[in-house]
Amino acid sequence: MPRITSVRVIVTRPGRNFVTVKIETDEGIYGIGDATLNGRELAVASYLTDHVAPVLIGRDAHRIEDIWQYLYKGAYWRRGPVTMSAIAAIDMALWDIKGKVAGLPVYQLLGGASRDGCMVYGHANGSDVSETIERAQEYLEKGYKAVRLQSGVPGLKSTYGVSGERFYYEPAKGSLPEESFWSTSKYMRLVPELFQRGRDALGWDIHLLHDVHHRLTPIEAGRLGKDLEPYRLFWLEDATPAENQEAFRLIRQHTTTPLAVGEIFNSIWDAKQLIEEQLIDYIRATVVHAGGITHLRRIAALADLYQVRTGCHGATDLSPVTMAAALHFGLSVPNFGIQEYMVHTEETDAVFPHAYRFDQGLMHPGDAPGLGVDIDETLAAKYEYSRAYLPVNRLEDGTMFNW
Ligand code: CS2
Ligand code: MG
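Residues numbered from 1 in each chain as written. Chains lettered and ligands numbered in written order. Predicted model: local features only at pLDDT ≥ 70, side-chain atom pairs only at ≥ 80, totals over all residues. Heavy atoms only, no water.

Here we take up the overall build of the chain. Along its length, the chain carries 13 helices and 16 strands. Against the 2.2 N^0.38 benchmark of 22 Å for 403 residues, the chain shows a C-alpha radius of gyration of 20 Å, consistent with a compact globule. Expressed along its principal axes, the backbone C-alpha trace of the chain runs to roughly 60 × 45 × 45 Å. Here the chain holds 403 residues, and 57% of them are scored as buried. Considering only residue pairs separated by 6 or more positions, the chain has 74% of its internal contacts joining residues 24 or more positions apart. With 40 positive and 51 negative side-chain charges, the chain shows a separation of 3 Å between the mean positions of the two kinds. (Helix = DSSP H or I, 4+ residues; strand = E, 2+ residues; numbered from the N terminus. Rg over C-alpha atoms; globule rule 2.2 N^0.38 Å. Buried < 20%, exposed > 50% of the residue type's maximum accessible area, 1.4 Å probe, protein only. Contact = heavy atoms within 4.5 Å. Lys, Arg positive; Asp, Glu negative; His and termini not counted. Charge placed at Lys NZ, Arg CZ, Asp CG, Glu CD.)

Turning next to the sheet that holds strand 6 (residues 179-182). An order of 6-15-16 is seen for the 3 strands of this open sheet, with the pairing classed as mixed. Across the chains shown, the open sheet's two edge strands, defined by having one partner strand only, are strand 6 and strand 16 (400-401). Pairing between strand 6 and strand 15 (residues 392-395): 4 bridges, direction parallel. Along strand 15, the bridge assignment pairs Glu179 with Val392. (Pairing = 2+ DSSP bridges.)

Contact pair helix 5 (residues 129-141) / helix 6 (residues 184-202): the axes reach a minimum separation of 10 Å and the direction vectors enclose 40 degrees. Looking at the two axes, helix 5 sits oblique to helix 6. When the axes of helix 5 and helix 6 are compared, the crossing they make is right-handed. Here helix 5 contributes Val129, Ser130, Thr132, Ile133, Ala136, Gln137 and Leu140 to the contact with helix 6, which in turn contributes Leu190, Glu193, Leu194, Arg197, Gly198, Ala201 and Leu202. Broken down by class, the residue content of the contact of helix 5 with helix 6 amounts to 8 nonpolar, 4 polar and 2 charged. (Axes fitted to C-alpha atoms, helices over the stretch in contact; angles between N-to-C directions. Parallel < 35°, antiparallel > 145°, perpendicular 65-115°, else oblique. Left-handed = near helix turned anticlockwise from the far one by under 90°. Nonpolar A, V, L, I, M, F, W, Y, C, P; charged D, E, K, R; others polar.)

Turning our attention to helix 3 (residues 81-102). For helix 3, which comprises 22 residues, the first-to-last C-alpha distance of 31 Å matches the rise-based estimate of 32 Å (1.5 Å per residue) to within 8%. Within helix 3, 16 of the 22 residues are buried, which leaves the element mostly enclosed by the surrounding structure. (Expected span 1.5 Å × (residues − 1).)

Glancing now at the pattern of salt bridges. The full count for this structure, using the stated rule, is 21 salt bridges. Between Asp270 and Arg79 there is a salt bridge, with the nearest N and O atoms lying 4.0 Å from each other. In this pair, Asp270 sits in the loop between strand 9 (259-261) and helix 9 (272-276) while Arg79 sits in the loop between helix 2 (64-73) and helix 3, placing the two residues 191 residues apart along the sequence. Between Glu237 and Arg284 there is a salt bridge whose closest N-O contact spans 2.9 Å. Placement of Glu237 in strand 8 (residues 235-237) and of Arg284 in the loop between strand 10 (282-283) and helix 10 (292-305) is noted, with a sequence separation of 47 residues between them. Neither residue differs from the other here; Glu237 and Arg284 are each classed as buried. One connected set of salt bridges, linked through shared partners, spans Arg8, Lys22, Glu24 and Glu377. (Salt bridge = Lys/Arg side-chain N within 4 Å of Asp/Glu carboxyl O.)

At the metal site, the magnesium ion (ligand 2) is ligated by Asp211 (OD), Glu237 (OE) and Glu263 (OE), and these contacts range over 2.0 to 2.3 Å. The sequence pattern describing where the donors of the magnesium ion (ligand 2) fall on their chain is D-x25-E-x25-E. Residue Glu237 is located in strand 8, and its partner Glu263 is located in the loop between strand 9 and helix 9; the two are separated by 26 residues in the primary sequence. For the pair shown, Glu237 and Glu263 are each scored as buried. (Donors = N, O, S within 2.8 Å, 3.2 Å for Na, K, Ca; no water.)

Next up, the structure:
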């Protein structure tokens, strides 16, 4: 069996920061995993280099579950985004190795394909409703079956999800956090118009999604969900901060608009009540932040009992390694819902050559052994890390709020 001989962390910035772990074995086969935690990258890099790497040397790379349990229970301090992103990266790399040794794409090791491809959604955003709808039409022309609409809000200098760039969205910018300002009332007036005009222009054969990005109270989310019911959204995402899982009971009392949550979750415990009480319809937990393929399968299996489907996070701050792993997982998992797909830049794709492909609204991970993605270390070395923060968000009176 392949024994682990080295665990190295590669930090690179092809347009934005990424952290990648590379596990090498005595059989010359290596695997890679994404460990990127937007705005806190070096915390995970250190957790891997200083605390995880030493305990992995010499271990059997095939023992994925045992290594997962060792890193989870052996840390004593369980859970949290840094710990679970580090475990996720090791997990992805070990699945990559197992696939390469078996000569099979990882989805075949997960039970084979349950569908022809993974339906993905793109991100249409604009400074106002008209521009957002124009962007959305471009996604329809590209063959997308689902698109997220995020528009600028009249009276607000900036808002979540609006980048000003045509197809890319990168919120982590300067060496200190940008401060943005928020008004729930201005936002709540805009969104119903966005989707009423969206449906008028785009029709009913396209799935429409929206990300509230943690900015409403439960009753405000209930109001918005009710206002949006005529437009039949595929989902309303992160309607309210989800630390308090029972808050979603209040939203559910007021609206049938489907709810998605969980991109910032890092373990099954963050979602247990939401799933068991059917307070959500889609679970957004991702391979890179929720403990890897091994743990995400557990979350999906619990969700399947309650007819909750997957809707994994897939923003540009998750590297192509996560995108590849998510597509292997998504191709096989029985209760797949949808996969987010924010296109990476050409610079990023050059550092992370990959087999996954987009075709007519669906994505497939390809049939290369393992995850079907690599890292070009020579090219990666050309892009030096530099600290970048996600913005912070305040109410118009200066009160610290949710970004
Ligand atoms: C967003 C993300 O993709 C989404 O649904 O919530 O853009 C999120 O803001 C970033 O991944 C944060 O790094
Ligand atoms: Mg989101």
